[in-house]
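Single-letter residue listing:
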Amino acid sequence: MGFRSWYGRVSLANKITIAMILGALIGFIVGPEIAVLEPIGTIFIRLLKMVALPVIFFSITTGASGIVNLSRFKKIGSIFLMYWALSTLLSAATGLTWAAIIKPGAGIKLAEKPAEFGQVDILQAFVKWIPDNVVAAFANYEMIQVVILAILVGIAAAFMGETDAGRFMRNFFQSGAELSMKLTSMIMEFTPYGVFALMAAITGTTGTTVLGSLAKMVLTQYITYATIMFVIYPLILIFYLRLNPIQYYRNVYPAMVVAFTTCSSAATLPVAMEVSKKRLGVPEDMVNLIMPIGAAINQHAIAAELPIYVLWVSQMYGMELTPVTLVTTIVMGMILGSGGASVPGGAVVLAATLLQTMGLPMTVVPWIAGIYRLIDMPNTMLNVVGDPLGGVIAANALGELDRDIFYGKKRVDETK
């Protein structure tokens, strides 16, 4: 078997990992001269920036146009959306907090002198989030304005109902989302080369100290996920739902295993729906409404993950985050995670998008791509664990949660 034949059989995730290891090794051996490869990595980053706007716009419009159209399930949907907003906000704040405590970027100096965020009036910053020119929002890469525009456009399309125009717009958004995903997949094929070039350049110029910072960043991700899964979720189960957290994890364990091994919320959705109906005691109509929406937008791990990147990079570049940048980081973590988590290679695109929005260097994006498999497994598992919890909360709020099924005292088919 020749090299080309072998290489063609290797998965993209493994190619990226191999490229990162080889890049770090060769950069360390060659030294600063290896920086001649950096333009290859720059091309990769520019491609990510190119695809980010259409990915986010079409993903959010597609999701918003479907979420608002809840028809007779408005009450169920409103409870779940309230859970999504509060839990996602808490997840983003948890990631930001642990990054501030652990300081994964501390001790690394990637700039000659500290860069600074501009001093911005908080009220004016929020006012400027509202776009006054659609074309300018895209042309100037005003990501927050594009996100808000996408939400409003999606909601408007949902309120158009089942008219011909309404169906046309929702199909258009869906087609745009699929096209954007395909474009992203094409760009991701270039990822190993971009990762190799930038990892070689950064290791050749800064040495191996950056690898320690990368390990601390991954550790920060793990601690954040563990906090959400083993502290926040159990507190909700014990004090709000009056349920046993251990029993909850026993019930959702099959979905956790599938999520961890496949790294795909979409692939895990059928299993998560099954355990919600037959193990958690959530009514079937609630499961059918909530779980597909949850798989699309209820991404607690993504919301927690993205703010960690912002603090990590700002620490390495000596940048002080102002209150307005902290608020923006949390909000963008919520919105971007909910809008684009299902995109193939989405974490790399979302990381690039968020760093660009925050005015931060995107040097670390290929590093994230190189080790993302280590983050993606627990990340997807946490996302999947949080979705059925929203269904349990909705069922409990409406007095329809079957606690006998939850505790295994009654089989689901006995209720038919």
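If you're wondering where the values come from, they're calculated on a predicted model, not measured in any experiment.

Colleague: Please clarify how the overall build of the protein should be interpreted in this entry.
Modeller: For the protein, the count of helices and strands is 18 helices and zero strands. Relative to its full complement of 416 residues, the protein shows a buried share of 52%. Total accessible area computed for the protein in this model is approximately 18,700 Å², and 65% of it derives from carbon and sulfur atoms.

Colleague: How should I be thinking about the pattern of salt bridges in this particular structure?
Modeller: Where charged atoms of side chains with opposite charge meet at close range, the side chains can pair. If you walk through the whole model with that rule in mind, you get five salt bridges. Between D164 and R167 there is a salt bridge, with its nearest N and O atoms 2.6 Å apart. Pair noted here: D164 and R167 are both in helix α8 (residues 164-188), with a separation of three residues, about one helical turn. You can call R167 partly exposed: its relative accessible area is 36%.

Colleague: Would you take a moment to explain helix α17 (residues 365-397) for this structure?
Modeller: The α-helix advances 3.6 residues per turn, and as a result positions three or four apart in sequence lie on the same side. Look at α17: only 42 Å from first C-alpha to last across 33 residues, short of the 48 Å you get at 1.5 Å a residue. Count one or two residues on from α17 and you reach G399, which has phi positive near 70°.

Colleague: Looking at this structure, I do not really get helix α14 (residues 300-316). What am I missing?
Modeller: Between its first and last C-alpha atoms α14 spans 25 Å; for 17 residues at 1.5 Å apiece the expected length is 24 Å, and the two agree. Where α14 terminates, the next one or two residues include G318, which has phi positive at roughly 65°.

Colleague: Would you mind showing me how to read the side chain of T227 here?
Modeller: With respect to the helices and strands, T227 occurs in helix α10 (residues 209-240). With a relative accessible area of 17%, T227 lands in the buried category. In this structure the side chain of T227 is engaged in a polar contact, spanning 2.8 Å, whose partner is the backbone oxygen of I223. When near neighbours in sequence (up to four residues on either side) are disregarded, T227 contacts T94, W98 and I232.

Colleague: Looking at this structure, I do not really get the nonpolar core. What am I missing?
Modeller: Looking at soluble globular proteins, one finds that nonpolar side chains tend to be buried together. Among the nonpolar cores identified, the biggest contains 120 residues, and M217, Y248, Y309 and W312 are the most heavily contacted of them. Considering each element in turn, this core owes the most residues, 16 residues, to α17. Residue contacts for W312: discarding those within four places in its chain leaves P104, G105, S213, L214, M217, V364, W367 and I368.

Colleague: Would you mind showing me how to read the packing of aromatic side chains here?
Modeller: Each aromatic ring pair is specified by the distance between its two centres and by the angle formed by the two planes. Under the counting rule described, the total for this entry stands at nine aromatic pairs. An angle of 70° between the planes, with centres 5.6 Å apart, marks the rings of F57 and F138 as edge-to-face. With F57 in helix α3 (residues 38-67) and F138 in helix α6 (residues 134-139), the pair connects residues that are 81 residues apart, well separated along the chain. Taking the relative accessible area as the measure of exposure, F138 reaches 29% and is therefore partly exposed. Aromatic pair F406 and Y407: ring centres 5.0 Å apart, planes at 75°, arrangement edge-to-face. Owing to a relative accessible area of 0%, F406 belongs among the buried residues under this scheme. A network of ring pairs unites the aromatic residues F57, F58, F138, F172 and F173 as a single cluster.

Colleague: Where do I start with unusual backbone geometry in this structure?
Modeller: Note on backbone geometry: most residues besides glycine have negative phi, and most peptide bonds are trans. In this structure, K103 is a non-glycine residue whose phi angle is positive, near 55°. Mapped onto the elements, K103 comes out in the loop between α4 (74-102) and α5 (122-127). The backbone phi angle of R242 is positive, close to 60°, even though this residue is not glycine. As for its placement among the helices and strands, R242 is situated in the loop between α10 and α11 (245-262). With a relative accessible area of 60%, R242 lands in the exposed category.

Colleague: Explain the side chain of T94 to me, please; I cannot follow it from the model alone.
Modeller: For T94, the location among the structural elements is in helix α4. Those residues in contact with T94 that lie beyond four places of it in its chain are T224, T227, I228 and I232.

Colleague: Quick question: what am I supposed to make of the packing of α14 against α17 here?
Modeller: When two helices pack together, their arrangement is given by the angle between their axes and by how far apart the axes lie. Look at α14 against α17: their axes get within 8 Å of each other, and the N-to-C directions meet at 145°. Both α14 and α17 take part in a crossing whose hand is right-handed. Mapping the contact onto sequence places H300, A301, I302, E305, Y309, W312 and M316 in α14 and W367, I368, Y372, I375, N379, L382, N383 and G386 in α17. Tallied by class, residues from the contact of α14 with α17 come to ten nonpolar, four polar and one charged.

Colleague: Which parts of the structure should I look at to understand the environment of D404?
Modeller: Checked against the element boundaries, D404 lands in helix α18 (residues 403-406). Taking relative accessible area as the criterion, D404 reaches 37% and is therefore assigned partly exposed. Remark: the alpha-carbon pair of D404 and R279, spanning 125 residues in sequence, is separated by 9.5 Å. If sequence neighbours within four positions are ignored, D404 has contacts with K409 and K410.

Cut-off values and rules
Residues numbered from 1 in each chain as written. Predicted model: local features only at pLDDT ≥ 70, side-chain atom pairs only at ≥ 80, totals over all residues. Heavy atoms only, no water. Helix = DSSP H or I, 4+ residues; strand = E, 2+ residues; numbered from the N terminus. Buried < 20%, exposed > 50% of the residue type's maximum accessible area, 1.4 Å probe, protein only. Areas by Shrake-Rupley, 256 points an atom, 1.4 Å probe, with all protein chains shown as cover. Salt bridge = Lys/Arg side-chain N within 4 Å of Asp/Glu carboxyl O. Expected span 1.5 Å × (residues − 1). Polar contact = N/O pair within 3.5 Å; in protein donor to acceptor, adjacent residues only side chain to side chain. Contact = heavy atoms within 4.5 Å. Core = buried A, V, L, I, M, F, W, Y, C linked by side-chain atoms within 4.5 Å. Phe/Tyr/Trp six-rings, centres within 6.5 Å; stacked < 30°, edge-to-face > 60°. Axes fitted to C-alpha atoms, helices over the stretch in contact; angles between N-to-C directions. Left-handed = near helix turned anticlockwise from the far one by under 90°. Nonpolar A, V, L, I, M, F, W, Y, C, P; charged D, E, K, R; others polar.

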